[in-house]
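Remarks on the overall topology
Given next are the chains, with one letter for each unit.
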Amino acid sequence: MAIVFDDMITTGSSITGAAHEAERHGARAIYACATHGVLCGDAIKNIRESPILELIITDSIPLPPEKQLPNIRVLSVGHLLADAIKRIHFNESVSRLFE
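An account of the accompanying structure is given in this report. Computed from a predicted model, the values in this text were never measured in an experiment.

1. Description of the sheet that holds strand 1 (residues 2-9)
Spatially, the 4 strands line up as an open sheet ordered 1-2-3-4, and their pairing is parallel. Where the open sheet ends on each side, the last strands, each with one partner, are strand 1 and strand 4 (72-75). Averaged over all adjacent pairs, the angle separating strand axes in this sheet is 20°, with direction ignored. With 4 bridges joining them, strand 3 (residues 52-58) and strand 4 adopt parallel strand pairing. Following the sheet pairing, Ile 57 is matched in strand 4 by Val 74. Along the sheet, helix 1 (residues 13-24) contacts strand 1, strand 2 (30-37) and strand 3; its crossing angle with strand 1, the most-contacted strand, is approximately 170°.

What follows is the structure in structure tokens.
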């Protein structure tokens, strides 16, 4: 099994390239994660044609219906943003969110 991480996926060439390389080296299950799913250009095609079993991204950038694939799971960061706003409003530490 291999897990591939990236900060953002734009065209998907880096993360799918890493997935293909992991597969070439014997990984039988490949999962990928990224904070921001920009997913422009050939990203959806690249992901669809890759050996990635599941791609997990956040909803920091909305994923329109035409870009949704069965192997893409979107996690919400709404609670994190809400907590950050609350902490800023009450002059509390935002860095505590990342402990």
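2. Quick look at the nonpolar core
Nonpolar side chains in soluble globular proteins tend to end up buried together. Ranked by internal contacts, the top residues of the largest apolar core, which has 20 residues, are Ile 30, Leu 39, Ile 52, Leu 55, Ile 57 and Ile 72. Those elements that provide at least two residues to this core are strand 1, helix 1, strand 2, helix 2 (43-48) and strand 3. Look past the residues within four positions of Ile 57 in its chain and what remains in contact with it is Ala 34, Thr 35, Gly 37, Leu 39, Leu 63, Ile 72, Arg 73, Val 74 and Leu 75.

3. Here we look at the pairing of strand 2
Examined bridge by bridge, strand 1 and strand 2 share 7 bridges and lie parallel to one another. Within strand 2, the position partnered with Ala 2 by the bridge is Ile 30. The β-α-β motif built from strand 1, the intervening helix 1 and the parallel element strand 2 has right-handed crossover chirality. Here strand 2 runs beside strand 3; their pairing, made up of 4 bridges, is parallel. When the bridges of strand 3 are listed, Cys 33 appears paired with Ile 56. You can see the chain leave strand 2, run along helix 2 and come back into strand 3, and the turn it takes is right-handed.

4. Observations regarding helix 1
With 12 residues, helix 1 should cover 16 Å at 1.5 Å per step; its first-to-last C-alpha distance of 16 Å lies within 8% of that length. Taken together, the buried positions of helix 1 are Ile 15, Thr 16, Ala 19 and Ala 22. One face of helix 1 carries all of its buried residues, which in axial projection span an arc of 115°. More than 90 degrees from the buried face of helix 1, the exposed residues found are Ser 14 and Arg 24. The inward-facing, buried residues of helix 1 contact strand 1, strand 2, helix 2 and strand 3. One or two residues past the end of helix 1 sits Gly 26, with phi positive at roughly 105°.

How each quantity is defined
Residues numbered from 1 in each chain as written. Predicted model: local features only at pLDDT ≥ 70, side-chain atom pairs only at ≥ 80, totals over all residues. Heavy atoms only, no water. Pairing = 2+ DSSP bridges. Helix = DSSP H or I, 4+ residues; strand = E, 2+ residues; numbered from the N terminus. Axes fitted to C-alpha atoms, helices over the stretch in contact; angles between N-to-C directions. Contact = heavy atoms within 4.5 Å. Core = buried A, V, L, I, M, F, W, Y, C linked by side-chain atoms within 4.5 Å. Buried < 20%, exposed > 50% of the residue type's maximum accessible area, 1.4 Å probe, protein only. Right-handed = clockwise from strand over helix to strand, strands pointing away. Expected span 1.5 Å × (residues − 1). Arc of directions from axis to C-beta.

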